[in-house]
Amino acid sequence: MLISLIAPDRPYLITQKSLPPLGPLYLANTLKSKGYDVEVVDFADSTTFSRDADVCGVTILSPDFIRSKEILRSLKRNGAKRVIAGGPHAAIAPEECLKAGFDGVSIGDGELTIERLINGEKIVTAWAKNIDDFYPDRSAIDLWDYEFYVRGVRATSLITSRGCWWAAKTGGCSFCCRCDGRKLRFNSAKHVKKELVDIQSIGFEAIVLYDDTFFSYPKRDTRIVKDIRELGFTWRCFSRADVVLRNKKVVEEAVKTGLSEVLLGVESASDSILKTINKGFTKKQVSEAINFLYDLGVDVKVTFIVGCPSESEETLMETKGFLDEHITKLHDVDFTILQIYPGCDIWREPGKFDLVWQESNTAYKSKPGEYGGCTPISTSSLSFEELLEWRDKLEKLFKPKEFIR
Ligand code: SF4
């Protein structure tokens with residue numbers, strides 16, 4: 001039986017083929033081990049899939065949903081018998097996927113749900129206790145077709161945990177949809193080492209750790225950092241300001257092993273907004289984390305959201321003031337407009353937040369400068385147009401010119 005696993009093209013990204021779609025690679029390995037024939041197709045550069053595939057699976061991020069429906073229609077027109085929706089958007093909006101015409105929807109770990117969906121079930125939910133049972137098949141696509149650099153070194157990605165430490169502990173940030181069911185599972189250091197060795201044998205010398213919050217499991221992370229040092233990778237990861245500050249020793253060790261970039265999701269430099277969105281750290285902690293990483297020689301990238309609940313001229317001036325103070329220590333800064341994802345706290349309890357949005361066939365994400373295509377949001381102080389103006393103004397003031405594309 002032939003299964004075609006499809007990653008949609010993502011026109012909302014500046015570069016569509018920077019890092020490979022890992023989800024389909026994990027599924028490819030699981031299916032092949034059960035005797036299925038599998039192809040992985042990235043629609044970013046090819047819409048050619050086997051017309052005789054028995055089942056197609058589409059991995060869907062929320063911003064992909066509109067495009068995924070077009071892909072579904074095209075697959076059906078071309079004779080696809082059964083098309084399954086998987087990935088984060090399927091997990092947070094399963095009924096929406098069924099209504100759109102998908103024949104089955106996966107919630108949780110696709111490695112556990114895929115076979116039951118292939119066999120005809122409609123919605124299957126399953127979460128594994130031990131994610132070491134899963135392994136990505138990096139031979140299922142050509143990783144060299146994807147181009148991403150860490151400090152000038154060609155990189156590919158890996159993930160060493162599923163879920164977010166902050167979401168598992170507190171429920172998470174109020175704008176975050178938590179498609180992982182607020183569960184947190186870690187790969188063992190031994191498992192991660194095997195993946196690192198595989199990646200090295202393919203020829204990559206740099207890696208991007210795609211975990212939501214690296215450094216949240218210091219005992220294990222210390223071992224991973226040691227293995228990375230032995231293998232000589234240059235690397236980059238995502239983390240949180242409070243997690244970095246709490247685990248300074250591991251971070252210092254990591255820098256000695258080649259950690260050269262850290263991305264921190266900051267969202268706002270207003271303490272009142274950070275509290276409203278349950279971010280779990282303060283502006284002071286963000287400042288300390290930036291200074292700490294900068295002093296270690298790490299390139300620090302921070303991301304901000306314009307249009308958080310209660311956003312006003314005052315809160316945005318606080319963010320601007322913070323950036324005035326810290327910009328010389330930042331390698332890169334990103335500004336996006338808040339979009340409300342199904343399942344997040346703001347979506348579930350809209351009356352609790354000073355934010356208005358129209359639920360629509362939202363695009364969720366746009367290229368910088370094209371935010372007019374996003375779902376309009378507003379607060380009691382600022383209209384959508386004013387928020388867009390602020391986003392553009394902050395980008396113009398603070399985004400390093402070389403990163404504006
Ligand atoms: S936004 Fe980041 S830190 Fe907050 S819950 Fe989501 S993944 Fe975790």
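Cut-off values and rules
Residues numbered from 1 in each chain as written. Predicted model: local features only at pLDDT ≥ 70, side-chain atom pairs only at ≥ 80, totals over all residues. Heavy atoms only, no water. Pairing = 2+ DSSP bridges. Helix = DSSP H or I, 4+ residues; strand = E, 2+ residues; numbered from the N terminus. Axes fitted to C-alpha atoms, helices over the stretch in contact; angles between N-to-C directions. Contact = heavy atoms within 4.5 Å. Near = heavy atom within 4 Å. Nonpolar A, V, L, I, M, F, W, Y, C, P; charged D, E, K, R; others polar. Buried < 20%, exposed > 50% of the residue type's maximum accessible area, 1.4 Å probe, protein only. Right-handed = clockwise from strand over helix to strand, strands pointing away. Parallel < 35°, antiparallel > 145°, perpendicular 65-115°, else oblique. Left-handed = near helix turned anticlockwise from the far one by under 90°. Domains from an automatic or database assignment. Buried area = accessible area lost by both parts, 1.4 Å probe. Salt bridge = Lys/Arg side-chain N within 4 Å of Asp/Glu carboxyl O.

Asker: I tried to follow the sheet that holds strand 5 (residues 104-108) on my own but got confused; where do I start?
Answerer: Two modes of strand pairing occur in sheets, parallel and antiparallel, and in both the strands are linked by backbone hydrogen bonds. If you walk across this open sheet you meet the six strands as 2-1-3-4-5-6, and the pairing is parallel. With one partner strand each, in any of the chains shown, strand 2 (37-42) and strand 6 (123-126) form the two edges of the open sheet. In this sheet, neighbouring strand axes are inclined to one another by 20 degrees on average, regardless of whether the strands run parallel or antiparallel. Examined bridge by bridge, strand 4 (residues 83-86) and strand 5 share two bridges and lie parallel to one another. What sits directly across from Ala85, in strand 5, is Val105. On the sheet, helix 5 (residues 110-118) packs against strand 1 (2-7), strand 3 (55-59), strand 4, strand 5 and strand 6 and is oriented at approximately 160 degrees with respect to strand 5.

Asker: Would you explain the site of the ligand in this entry?
Answerer: Neighbouring residues of the ligand: Cys164, Gly172, Cys173, Phe175, Cys176, Arg178, Asp212, Arg240 and Lys279. Here the residues of the shell around the ligand sort into four nonpolar, one polar and four charged.

Asker: Would you explain the pairing of strand 4 in this entry?
Answerer: Consecutive side chains of a regular strand alternate in pointing toward one face of the sheet and then the other. Here strand 4 shows a buried face lined by Val83 and Ala85 and a second buried face lined by Ile84 and Gly86. Between the parallel pair strand 3 and strand 4, the chain is carried across by helix 2 (residues 65-77), and the sense of this crossover is right-handed.

Asker: Whenever I open this one, the packing of helix 7 (residues 189-202) against helix 8 (residues 218-231) confuses me. Can you help?
Answerer: For any two helices packed against each other, the geometry comes down to the angle between their axes and how far apart the axes lie. Viewed as axis vectors pointing N to C, helix 7 and helix 8 meet at an angle of 20 degrees, and their least axial separation amounts to 9 Å. Put simply, helix 7 runs roughly parallel to helix 8. Helix 7 and helix 8 meet at a crossing whose hand is right-handed. Across from Ala189, Val192, Lys193, Leu196, Val197 and Gln200 in helix 7, the residues of helix 8 making contact are Arg220, Arg223, Ile224, Asp227, Ile228, Glu230 and Leu231. Here the contact of helix 7 with helix 8 is built from residues that sort into seven nonpolar, one polar and five charged.

Asker: I'm lost on the domain arrangement of the protein in this one. Help?
Answerer: Much of the literature gives interface size as the accessible area that the parts lose upon coming together. Assigned domains within the protein: domain 1 (2-129) and domain 2 (148-403). The distance between the C-alpha centroids of domain 1 and domain 2 comes to 26 Å. Across the boundary between the two partners, domain 1 contributes 22 residues, which contact 26 residues of domain 2. For the pairing of domain 1 and domain 2, the buried interface totals around 2,000 Å² over both sides, and the portion due to carbon and sulfur atoms is 63%. Looking at the side of domain 1 facing domain 2, the largest losses of area belong to Leu19, Ile92 and Trp127, adding up to 29% of the total buried there. For the interface between domain 1 and domain 2, the tally reads three salt bridges. Salt-bridge contacts for Glu111 lead to Arg162; the nearest nitrogen and oxygen are separated by 2.7 Å.

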